[in-house]
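A look at the structure
If you want the building blocks of each chain, they are given just below.
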Amino acid sequence: MEVNIVGPKIYYEIPIDIPLLGRPQISETLVVSWIVMLIITLLCIFLTRNLKVSNITKRQAFAEMLVETADKFVIGNMGEKFSYMIPFVAALFATSVLSNLISLIGLRSPTADINTEAAWAIVVFIMITAQKIKSSGFGGYLKGFTQPIPVMTPFNVLSELATPISMACRHFGNILSGVVINALIYGSLALASSALLGLIPGAVGAFLSHVPILAVGLPAVLSVYFDWFSGCMQAFIFCMLTTMYIANAAEG
């Protein structure tokens with residue numbers, strides 16, 4: 001097995017050639033995404049063990065609160081007829097939140113890779129299109145591109161394609177910007193610490209110049225916004241747009 005580092009990504013090349021596909025590459029984003037899915041799966045198993053009707057535990061109460069919150073969010077934004085969407089939206093939100101916050105433990109957020117958001121947006125786009133065809137029929141869906149006048153067809157097609165692109169880029173841009181800003185802050189504070197402490201004469205200054213003292217404290221405060229607040233907010237916005245687009249598509 002060969003390991004290649006390309007930019008911020010690490011690729012583990014498996015020496016197995018697959019016909020038509022070539023040699024597969026497992027990137028850091030893919031590995032961390034598997035970790036996120038594993039964590040969510042284990043958490044669901046833990047929260048749903050030994051469920052009771054009465055005398056429930058705090059663990060079960062917390063699990064029921066999460067389910068009720070997901071129910072209210074989906075039904076409140078889409079209506080009762082879309083109750084079947086609750087598992088999908090809840091899974092999308094949980095995956096997005098955990099993917100955004102996993103950078104807190106030193107792993108690179110899968111959502112800092114445009115491929116992750118693009119895949120989510122494509123799935124949502126397919127669901128939006130399916131709802132439009134279901135409500136208006138295939139002919140009605142195609143006819144909608146010619147409204148209000150046929151000359152608007154190219155612009156309507158671009159507007160349709162802009163939906164998944166804007167969803168993916170909005171989420172990706174906000175998460176990546178947080179990662180980049182945090183990295184720049186850590187790096188600049190480490191350089192400032194080395195420069196200032198290096199002014200101390202003797203062995204003490206030589207030793208302290210290698211200790212990024214100034215990088216302790218301020219980055220943690222900024223992480224409250226760039227990681228916690230922004231990560232949760234972007235997951236909420238992505239799911240909100242998903243429910244609104246699908247609900248509007250069903251209305252024709």
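Heads up: these notes are all about the structure in this document. (Residues numbered from 1 in each chain as written. Predicted model: local features only at pLDDT ≥ 70, side-chain atom pairs only at ≥ 80, totals over all residues. Heavy atoms only, no water.)

**Some details on the overall build of the protein chain**
- Helix and strand content of the protein chain: seven helices and three strands.
- Moving toward the C terminus, one meets the helices and strands of the protein chain in the order β-β-β-α-α-α-α-α-α-α.
- Counting only residues that meet the buried cut, the protein chain has 33% of its 252 residues in that class.
- Long-range pairs, those at least 24 residues apart, make up 59% of the contacts in the protein chain with a sequence separation of at least 6.
- Summing over all exposed atoms, the protein chain offers an accessible surface of approximately 15200 Å²; the carbon and sulfur share of this is 73%. (Helix = DSSP H or I, 4+ residues; strand = E, 2+ residues; numbered from the N terminus. Buried < 20%, exposed > 50% of the residue type's maximum accessible area, 1.4 Å probe, protein only. Contact = heavy atoms within 4.5 Å. Areas by Shrake-Rupley, 256 points an atom, 1.4 Å probe, with all protein chains shown as cover.)

**Structural notes on a nonpolar patch on the surface**
- On the surface, F93, Y225, F229, M233 and F236 cluster together to form a nonpolar patch covering roughly 470 Å² of accessible area.
- When residues of the nonpolar patch are assigned to their parent elements, the largest contribution, four residues, is made by helix α7 (residues 218-250).
- Positionally, M233 belongs in helix α7. (Patch = residues over 30% accessible without salt bridge, like charges linked within 9 Å, V, L, I, M, F, W, Y side chains within 5 Å. Salt bridge = Lys/Arg side-chain N within 4 Å of Asp/Glu carboxyl O.)

**A look at the side chain of S96**
- By the secondary structure assignment, S96 is in helix α3 (residues 86-101).
- Apart from the residues lying within four places of it in its own chain, the contact partners of S96 are W120, H171 and A235.

Coordinates in, geometry out; function isn't part of it.
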